[in-house]
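Per-entry structural report
Spelled out from the first residue to the last, the chains are:
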Amino acid sequence: MVLRALGMWSVAPTQLSGDEAAQLEASLGTAVDAAAGAAVALPAGVAAVDALRWLAQERPVLFHGTGRGDLETLSPVRQSSDTSAFGNQQAVFATQDPVWAMFFAVLDRSNPEFRSTRNGASTVIGGRREFGPRYFFAVNDAMTRERMWRPGVVYVVDRKGFMPDARDLGVIDNAQWASVAPVKWLAKVRVTPEDFPFRNATFGYRTDESELRTFARIRRAGKRR
């Protein structure tokens, strides 16, 4: 109810034909199983977000988004701060949610105008069915929309060696995992800003404004999708 009341955003269920799923199994699935550390070209006509969400359902993997496509190993070095103890540790961070990883892949944090971001991917676990995932994405308002984005890479990693963040209130899964050891990735997929489903909804906030004020604007921003 809280996620719905905030107006957090959702993505429509992925719908792939049998032929598209078979093509993904032969390309992306095979590359992950081989753990060869290869860049994967997705089948023509299959959106990157659909391909990665398919993989999240088919393999026990996590996703790490970044603008750097030249990484051989993901290192546990954090260059920014976080408001939570879990998120502020020196670790490799990844998520089971490829939509969230895609945001970090295409957000241009190398832009000198970038200062901070507020974002989230939350799912309520328990009861007869899950609710979510629900999202929001905001960036400090000095970042103009035209300069906010860049092409990036989503790295696919094995879940082994990662620990999940504790659930809020015991039921809200915030989709964040961490490994304090370096991680060798299994495969990578190049993505563009146009692949990110919330590119137009991402909104700006003042760095001195409260998180509550930012949250109050989530529903209105989501109407721009």
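Cut-off values and rules
Residues numbered from 1 in each chain as written. Predicted model: local features only at pLDDT ≥ 70, side-chain atom pairs only at ≥ 80, totals over all residues. Heavy atoms only, no water. Phe/Tyr/Trp six-rings, centres within 6.5 Å; stacked < 30°, edge-to-face > 60°. Helix = DSSP H or I, 4+ residues; strand = E, 2+ residues; numbered from the N terminus. Buried < 20%, exposed > 50% of the residue type's maximum accessible area, 1.4 Å probe, protein only. Pairing = 2+ DSSP bridges. Contact = heavy atoms within 4.5 Å. Axes fitted to C-alpha atoms, helices over the stretch in contact; angles between N-to-C directions. Expected span 1.5 Å × (residues − 1). Bend = angle between axes of the 7 residues up to and from the residue. Patch = residues over 30% accessible without salt bridge, like charges linked within 9 Å, V, L, I, M, F, W, Y side chains within 5 Å. Areas by Shrake-Rupley, 256 points an atom, 1.4 Å probe, with all protein chains shown as cover. Salt bridge = Lys/Arg side-chain N within 4 Å of Asp/Glu carboxyl O. Lys, Arg positive; Asp, Glu negative; His and termini not counted. Charge placed at Lys NZ, Arg CZ, Asp CG, Glu CD.

**Quick look at the packing of aromatic side chains**
This structure, assessed with the given rule, holds 16 aromatic pairs. Summarising the aromatic geometry, the rings of W9 and F198 are spaced 5.4 Å apart at their centres and angled 40 degrees between planes, so their arrangement reads as tilted. In this pair, W9 sits in the loop between α1 (2–6) and α2 (18–34) while F198 sits in the loop between β10 (187–191) and β11 (203–205), placing the two residues 189 residues apart along the sequence. Taking relative accessible area as the criterion, W9 reaches 4% and is therefore assigned buried. F198 sits in the buried class, given a relative accessible area of 0%. Their ring planes at 70 degrees and their centres at 6.4 Å tell us that W9 and F203 sit as a pair that is edge-to-face. Taken together, the residues W9 in the loop between α1 and α2 and F203 in strand β11 connect sequence positions 194 residues apart. Like F203, W9 is buried.

**Concerning the sheet that holds strand β6 (residues 152–158)**
Across the sheet, which stays open at both edges, the four strands sit in the order β1-β10-β6-β2 with mixed pairing between neighbours. Edge positions in the sheet fall to β1 (38–39) and β2 (61–66), since each of these pairs with one other strand and no more. Here β6 pairs with β10 via five bridges, running antiparallel. Counterpart to Y155 in the pairing with β10 is K188. Taken strand by strand, helix α4 (residues 98–106) contacts β2, β6 and β10, and its axis lies near 20 degrees from that of β2.

**Focus on α2**
Note on helix geometry: an α-helix contains 3.6 residues per turn, so any two residues three or four positions apart are oriented the same way. The terminal C-alpha atoms of α2 lie 23 Å apart, and with 17 residues this matches the ideal 24 Å at 1.5 Å per residue to within 8%. Along α2, the sharpest change in direction is near 35 degrees and occurs at E25. For α2, every residue scored as buried is listed here: L24, L28, G29, A31 and V32. Of the surrounding elements, those touching the buried residues of α2 are α3 (48–58), β2, β6 and β10. Downstream of α2 by a residue or two, A35 has a phi angle that is positive, lying close to 50 degrees.

**Examining a positive patch on the surface**
Positive charge collects at one region of the surface, where R145, R213, R220 and R224 lie side by side. Residue placement: R220 occurs in helix α6 (residues 218–222). Classification of R220 by relative accessible area gives exposed; the value is 59%.

**Details of the pairing of β10**
With four of five residues buried, β10 is to be regarded as a mostly interior element. Here β1 runs beside β10; their pairing, made up of two bridges, is parallel. Bridge assignment links A38 to a residue of β10, and that residue is A187.

**Observations regarding the pattern of salt bridges**
Evaluation of the coordinates by the stated rule reveals seven salt bridges. D33 is the partner of R59 in a salt bridge, and the nearest nitrogen-oxygen pair spans 2.9 Å. Remark: D33 occurs in helix α2 and R59 occurs in the loop between α3 and β2; sequence separation between them is 26 residues. On the accessibility criterion, R59 (13% relative accessible area) is buried. Among the residues examined, D33 registers a relative accessible area of 51% and is labelled exposed. When the shortest N-O distance is used, the salt bridge between R150 and D108 registers 3.6 Å. Here R150 is found in the loop between β5 (131–140) and β6, whereas its partner D108 is found in the loop between α4 and β4 (117–124), with 42 residues between them in sequence. Assigned by exposure class, R150 and D108 land together as buried. Each member of the salt-bridge network shares a partner with another, and the members are E25, D33 and R59.

On their own, these measurements won't tell you what the molecule is for.
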